[in-house]
Amino acid sequence: MTGWLDALIQGVLLGGLYALFAAGLSLMFGVMRLVNLAHGDLIVLAAFAILVVATKLGLDPFVAVLVAIPILFVIGFALQHVLLNRTLGRDLLPPLLVTFGLSIIIQNGLLQLFSADSQRLRSGAIETASIPLGGGIAVGVVPLLTLLSAIAVIVLLNFIFYHTPIGRAFRATSDDLEVAQLMGVDHRRIFAVAMGLAFVVIAIAALYLGLRANFDPTIGPARLLYAFEAVIIGGLGSFWGTLAGGIVLGLAQTIGARIDPEWQILAGHLAFLAVLVVRPRGLFPRAQD
């Protein structure tokens, strides 16, 4: 029983990481209806950006991410304003093609700059620190911080989305773009701000990705897959659903690994398919349109 309880706890903690992967993707889709195929590679790019800042300035990764966040916000804002806004419209194919191309460019650019060697963010003793819960069960400090950060990000995104003027603009452009434009909303600027905010979330996800595991330029597609599954399990456009989706995916993987280590990834995919069969719109869809 102790082993199963530990698997459940670790699954919830792993779900926090997947929720961070998915939160930025959920924001992009919720505001712009943008399916970003480069999302996983952007997380990896942000991890390398934090690594460079930490290495060049001699900073702890938790400090380096604070330096990287405003830089990444500007990059996200510029990327949306200069490139992605031109692709958005009734046809879903152009943004898919552009973000797929962006994914290829990021992967190859990172390979050129950093080679295919695995990298890791180092933060000293906190990486291996744990909190004993008794009965031979312990919770890692970094996984716990990951979950707490995921909850904080979801709370902040919900507050911005539902209780601020920019959030009202987000919801207006998402619900009816043409009416929002008639009311004087500059949707291009609103979309750019949303992408900048998504890049802030990506930076936080990248921090914990780099602290919890090795990363290299080619792992982006796998992170994208986990993010997609978490978003779809939770329900498109629902931030709390995204957190729930990440936890469901994490629990499925750790339980699968508990049964047989080879089943870890497969169990997550099976849970994703099971949710689609029972709830095709996800567990907590934001809208019923």
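Everything below is about the structure shown above.
Since we're looking at a predicted model, the values are computed, not measured.

Chemist: Whenever I open this one, the pairing of strand β2 (residues 137–140) confuses me. Can you help?
Modeler: Consecutive side chains along a regular strand alternate between the two faces of the sheet. The pairing of strand β1 (residues 130–134) with β2 spans four bridges and is classified as antiparallel. Directly across from I131, in β2, lies its bridge partner V139. In this structure, the hairpin formed by β1 and β2 is closed by a connection of two residues, where G135 is found at a positive phi of approximately 70 degrees.

Chemist: How do you make sense of the packing of helix α10 (residues 239–259) against helix α11 (residues 264–278) when you look at a structure like this?
Modeler: In a packed pair of helices, the relevant descriptors are the angle between the two axes and the axis-to-axis distance. In contact at an axis separation of 7 Å, α10 and α11 are set at 135 degrees when each is read in the N-to-C sense. It follows from the interaxial angle that α10 and α11 lie oblique. Crossing handedness for the pair α10 and α11: right-handed. Residues L249, A252, Q253, G256 and A257 of α10 pack against Q264, I265, A267, G268 and A271 of α11.

Chemist: Which parts of the structure should I look at to understand the packing of aromatic side chains?
Modeler: Any two aromatic rings considered together are summarised by their centre-to-centre distance and by the angle between their planes. In total, this model carries nine aromatic pairs according to the counting rule given. On the numbers, 5.0 Å between centres and 80 degrees between planes, the contact of F48 with F215 is edge-to-face. Remark: F215 occurs in the loop between α8 (187–212) and α9 (220–234) and F48 occurs in helix α2 (residues 39–57); sequence separation between them is 167 residues. Here the aromatic rings of F62 and Y208 are separated by 6.3 Å at their centres, their planes lie at 70 degrees, and the arrangement is edge-to-face. Of this pair, F62 sits in helix α3 (residues 61–82) while Y208 sits in helix α8, placing them 146 residues apart in sequence. Here a set of aromatic residues connected by ring pairs shows up, and it is made of F161, Y162, F170 and F239.

What counts and what doesn't
The numbering scheme is per chain: residues are counted from 1 as the chain's sequence reads. For a predicted model such as this one, the threshold for reporting local features is a pLDDT of at least 70, and the threshold for listing and counting side-chain atom pairs is 80 or more; totals across whole chains, interfaces and linings nevertheless cover every residue. Remark: hydrogens and water are excluded; side-chain values derive from all non-hydrogen atoms of the structure. When DSSP finds two or more bridges between two strands, those strands count as paired. Counting from the N terminus, the helices are DSSP H or I runs at least four residues long and the strands are E runs at least two residues long. Every axis corresponds to a line fitted to the C-alpha atoms, with the helix fit spanning only the stretch in contact, and the corresponding angles, defined between N-to-C directions, vary from 0 to 180 degrees. Convention used here: angles under 35 degrees read as roughly parallel, angles over 145 as roughly antiparallel, angles from 65 to 115 as roughly perpendicular, and any remaining angle as oblique. By convention the crossing between two helices is left-handed if the near helix lies anticlockwise of the far one by an angle smaller than a right angle, and right-handed if it lies clockwise. A contact between two residues is defined here by any heavy atoms of the two lying within 4.5 Å. Planes of paired rings set the category: under 30 degrees apart is stacked, over 60 is edge-to-face and the rest tilted, where pairs are Phe, Tyr or Trp rings (Trp by its six-membered ring) whose centres lie within 6.5 Å.

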